Amino acid sequence: MGGFLMEACVDSVESAVNAEQGGAGRLELCSSLLEGGLTPSQGLLHVVKQCVKIPVYVMVRPRGGDFLYSDQEVEVMKKDIELMKRHGADGLVLGALTEDGRVDGERCMEFLAAAQHLPVTFHRAFDMVHDPVAALETLVSLGFQRLLTSGCENSALEGLPLIKQLIDQAKGRIAIMPGGGITDRNVQRILEGTGAQEFHCSARSSRDSAMKFRNTSVTMGASFSAPEYGLKVADVSKVRTLIAIARNTM
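A short tour of the structure in this document, coming up. Quantities reported herein were computed from a predicted structural model and do not represent experimental measurements.

1. Quick word on the overall build of the protein
Next up, step 1: Helix and strand counts for the protein stand at eight helices and 10 strands.
Next up, step 2: If one aligns the C-alpha atoms of the protein with their principal axes, the spans along those axes are about 55 × 45 × 35 Å.
Next up, step 3: Residue burial in the protein is summarised as follows: out of 250 residues, 49% are buried.
Next up, step 4: Sequence-distant contacts, at least 24 apart, represent 67% of the contacts inside the protein between residues at least 6 apart.
Next up, step 5: Taken as a whole, the protein presents about 12100 Å² of accessible surface, with 53% of it coming from carbon and sulfur.
Next up, step 6: The averaged location of the 30 negative side-chain charges in the protein is 6 Å from the averaged location of its 26 positive side-chain charges.

2. Here's the deal with the packing of helix H1 (residues 13-22) against helix H2 (residues 42-51)
Next up, step 1: At a minimum axis distance of 9 Å, the contact between H1 and H2 shows a crossing angle of 30°. Here H1 lies roughly parallel to H2, going by the angle between them. In the packing of H1 onto H2, the handedness of the crossing is right-handed. Each of Val13, Ala16, Val17 and Glu20 in H1 lies in contact with H2, whose residues at this interface are Leu44, Val47, Val48 and Cys51.
Next up, step 2: Of the residues assigned to the contact of H1 with H2, the class counts are seven nonpolar, no polar and one charged.

3. Remarks on H2
Next up, step 1: Those residues of H2 that sit buried are Leu44, Leu45 and Val48. Looking straight down H2, one finds that the buried residues subtend no more than 95° of arc, so they occupy a single side.
Next up, step 2: Taken together, the buried residues of H2 touch H1, strand S2 (26-29), strand S3 (56-59) and helix H3 (71-86).

4. Examining the environment of Phe67
Next up, step 1: Structurally, the position occupied by Phe67 is in the loop between S3 and H3.
Next up, step 2: The class for Phe67 is buried, based on a relative accessible area of 11%.
Next up, step 3: Each residue touching Phe67, except ones within four places of it in the same chain, is listed here: Arg61, Ala96, Leu97, His123, Ala125 and Met128.

5. What about H3?
Next up, step 1: Helix length check: H3, at 16 residues, gives a terminal C-alpha distance of 23 Å against a target of 22 Å (1.5 Å per residue), a fit within 8%.
Next up, step 2: For H3, every residue scored as buried is listed here: Glu73, Val74, Met77, Asp80, Ile81, Leu83 and Met84.
Next up, step 3: On its buried face, H3 sits against H2, S3, strand S4 (91-94) and helix H4 (105-115).
Next up, step 4: In the stretch just after H3, Gly88 is the one whose phi turns positive, near 95°.

6. A look at the packing of aromatic side chains
Where two aromatic rings form a pair, the distance of their centres and the angle of their planes describe that pair.
Next up, step 1: Counted under the stated rule, the structure contains one aromatic pair.
Next up, step 2: With 5.3 Å between their ring centres and 90° between their planes, Phe122 and Phe144 make a pair best called edge-to-face. Pair noted here: Phe122 is in strand S5 (residues 120-122) and Phe144 is in the loop between helix H5 (132-142) and strand S6 (146-149), with a separation of 22 residues, a long-range link.
Next up, step 3: What makes Phe122 buried here is its relative accessible area of 0%.
Next up, step 4: Classification of Phe144 as buried rests on a relative accessible area of 3%.
Next up, step 5: Across from the ring centre of Tyr57, 5.3 Å away, lies the NZ or CZ of Arg26, which sits over that ring.

7. Digging into the nonpolar core
Next up, step 1: Counting residues in each nonpolar core, the largest one holds 67 residues, and the members touching the most others are Leu27, Leu92, Phe122 and Phe144.
Next up, step 2: Of all hydrophobic cores here, the second largest spans six residues; its members include Cys9, Cys30, Leu33 and Met59.

8. So, the side chain of Asp127
Next up, step 1: By the element assignment, Asp127 lies in the loop between S5 and H5.
Next up, step 2: Here Asp127 falls in the buried class, since its relative accessible area comes to 10%.
Next up, step 3: Polar contacts involving the side chain of Asp127 include one to the side chain of Arg124, which spans 2.7 Å.
Next up, step 4: Residues in contact with Asp127, not counting those within four places in the same chain, are Thr149, Ser150, Gly151 and Cys152.

The rules we used
- Residues numbered from 1 in each chain as written.
- Predicted model: local features only at pLDDT ≥ 70, side-chain atom pairs only at ≥ 80, totals over all residues.
- Heavy atoms only, no water.
- Helix = DSSP H or I, 4+ residues; strand = E, 2+ residues; numbered from the N terminus.
- Buried < 20%, exposed > 50% of the residue type's maximum accessible area, 1.4 Å probe, protein only.
- Contact = heavy atoms within 4.5 Å.
- Areas by Shrake-Rupley, 256 points an atom, 1.4 Å probe, with all protein chains shown as cover.
- Lys, Arg positive; Asp, Glu negative; His and termini not counted.
- Charge placed at Lys NZ, Arg CZ, Asp CG, Glu CD.
- Axes fitted to C-alpha atoms, helices over the stretch in contact; angles between N-to-C directions.
- Parallel < 35°, antiparallel > 145°, perpendicular 65-115°, else oblique.
- Left-handed = near helix turned anticlockwise from the far one by under 90°.
- Nonpolar A, V, L, I, M, F, W, Y, C, P; charged D, E, K, R; others polar.
- Arc of directions from axis to C-beta.
- Expected span 1.5 Å × (residues − 1).
- Phe/Tyr/Trp six-rings, centres within 6.5 Å; stacked < 30°, edge-to-face > 60°.
- Lys NZ or Arg CZ within 6 Å of the ring centre and 35° of its normal.
- Core = buried A, V, L, I, M, F, W, Y, C linked by side-chain atoms within 4.5 Å.
- Polar contact = N/O pair within 3.5 Å; in protein donor to acceptor, adjacent residues only side chain to side chain.

Following this line, the structure appears as structure tokens:
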């Protein structure tokens, strides 16, 4: 059996419970997966921690869009780090870039100082960098435990050659975790093609809302937002399938 670990990105208590039940080894907890994941509420973290035993890593991202943060946004992120630590976060997931597409070492040092002993993953802001080879060295020297990346492509499958290159470059100094569009159809190719020991995915299925009365003429968000009466939730059987495939991968 391979020693593979699946990290499930979840944005609800139901998804967190399902991911653990399916065999996920770690959670990335966020809100608004539609925007690629934002900082979750303290209430969500508190209840998730009551419901699961596996480690919960918390996304610290104050808004959607780019990863170039203002001084005020950095203050928000440092306060969120402090509050998430207080509410039982087992680790943090964050990232910041400079305007010219480098890892913002100065900002990241502030975040890591605020995190203190907690392990920190640098998220897919990495996929927006100008020079991935140099960026990886920066992350190692800063002291990040892990990098989540799709290999600077839209999906981990497309970014497979770079992910493999980064794992070779890292030589165990930092964990490299592929993520981005990973499903039961491609997880074996990604793990075999990169040599990664862990992978990241949401393994979600769509579920209809339980609402009986529906006002279909109103939407609560912008035109690209999720449908009001549909939910996406981590699927126990999808998580199980992904892990079974991973374990059968040599």
